[in-house]
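# Remarks on the overall topology
So the chains spell out like this:
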Amino acid sequence: MAAPVLQAKNLGIAFGGLKAVEGFEIEIGPSELLGLIGPNGAGKTTVFNMLTGVYQPTEGAIYLGGQLMKGKKPHQMVKAGIARTFQNIRLFKKMTVLENVKVAFNQHMRYSGVAAILRLPSYWKEEREIEKKAMELLEELRMADLHDHIAENLPYGQQRKLEIARALATSPKVLLLDEPAAGMNPTETAELMEVIGIIRKKFNISILLIEHDMSLVMSICERLVVIDYGHIIATGTPAEVAKNPKVIAAYLGE
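What this report covers is the structure whose coordinates are included nearby. (Residues numbered from 1 in each chain as written. Predicted model: local features only at pLDDT ≥ 70, side-chain atom pairs only at ≥ 80, totals over all residues. Heavy atoms only, no water.)

Sheet strands line up and pair through hydrogen bonds in the backbone, either parallel or antiparallel. Spatially, β6-β7-β8-β3-β9-β10 is the arrangement adopted by the six strands of the open sheet, whose pairing is mixed. Edge positions in the sheet fall to β6 (82-84) and β10 (231-236), since each has one partner strand and no second. Across the sheet, the axes of successive neighbouring strands diverge by a mean angle of 20°, strand direction being ignored. Here five bridges tie strand β7 (residues 174-178) to strand β8 (residues 206-210), and the two strands are oriented parallel to one another. Bridge pairing in β8 links aspartate 178 to isoleucine 210. Those strands touched by helix α7 (residues 186-203) are β3 (33-37), β7 and β8, and its axis lies near 155° from that of β8. (Pairing = 2+ DSSP bridges. Helix = DSSP H or I, 4+ residues; strand = E, 2+ residues; numbered from the N terminus. Axes fitted to C-alpha atoms, helices over the stretch in contact; angles between N-to-C directions. Contact = heavy atoms within 4.5 Å.)

On to the pairing of β8, then. For a regular strand, side chains alternate in direction, first toward one face of the sheet and then toward the other. Of all five residues in β8, five are buried, a share of seventy percent or more. Alternating positions in β8 separate into two faces, Ser206, Leu208 and Ile210 on one and Ile207 and Leu209 on the other, with burial throughout. Two strands pair when backbone bridges link them, and β3 and β8 are joined in this way by four bridges, in the parallel orientation. Across the sheet, the residue bridging to leucine 36 is isoleucine 210, located in β8. (Buried < 20%, exposed > 50% of the residue type's maximum accessible area, 1.4 Å probe, protein only.)

Following this line, the structure appears as structure tokens:
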């Protein structure tokens, strides 16, 4: 069996003595799509914030490709290979689609500050390379025709896709999607499912997905982890989880 790409072992965090998440454990394999579900307030986004360095766990450990991620800040997590999107879209609203994606390539740039200020040949050469890669990425996600559109003028579903494209531009090993279908209509949700399929096929990366749209979760996730009040209450295939009494009780309040 292939080694996991991302592992969380006994992960937990407390805020002012209140344990928001406790004993959380997952393993995500290469190119696997794992769903993280649970009622509102269960701790899903808190888990994401720990996995991406926004919060530092008060207990447990995170491993990416077998390497301990202890103490790493968000930008260091991105550089290591963990990218994410957010519940609330966070784009550079006044910049174009292409510019939003190019920004995410900055960690790959090699030219010096002097080269950028003086506009030396090394600067222009690398900028052309970055623009080519950004356009190729937009082409893969079927957004190339929107490259010169201002981000805030895009329809909601396209803004979601752009945020995903920007995350992919960091060349992640694991992509964390925080409620990507939130606020989408059925047509946009179907397009999102298509995009996730393209990502898995073309980019060969693992995906951890938080989502409340159960039809989407059940149709695309290979495994599910369910949490409630910061604790894992079930794991398994979508079919197994759907029949689990603890999961039914958590969602229906029984």
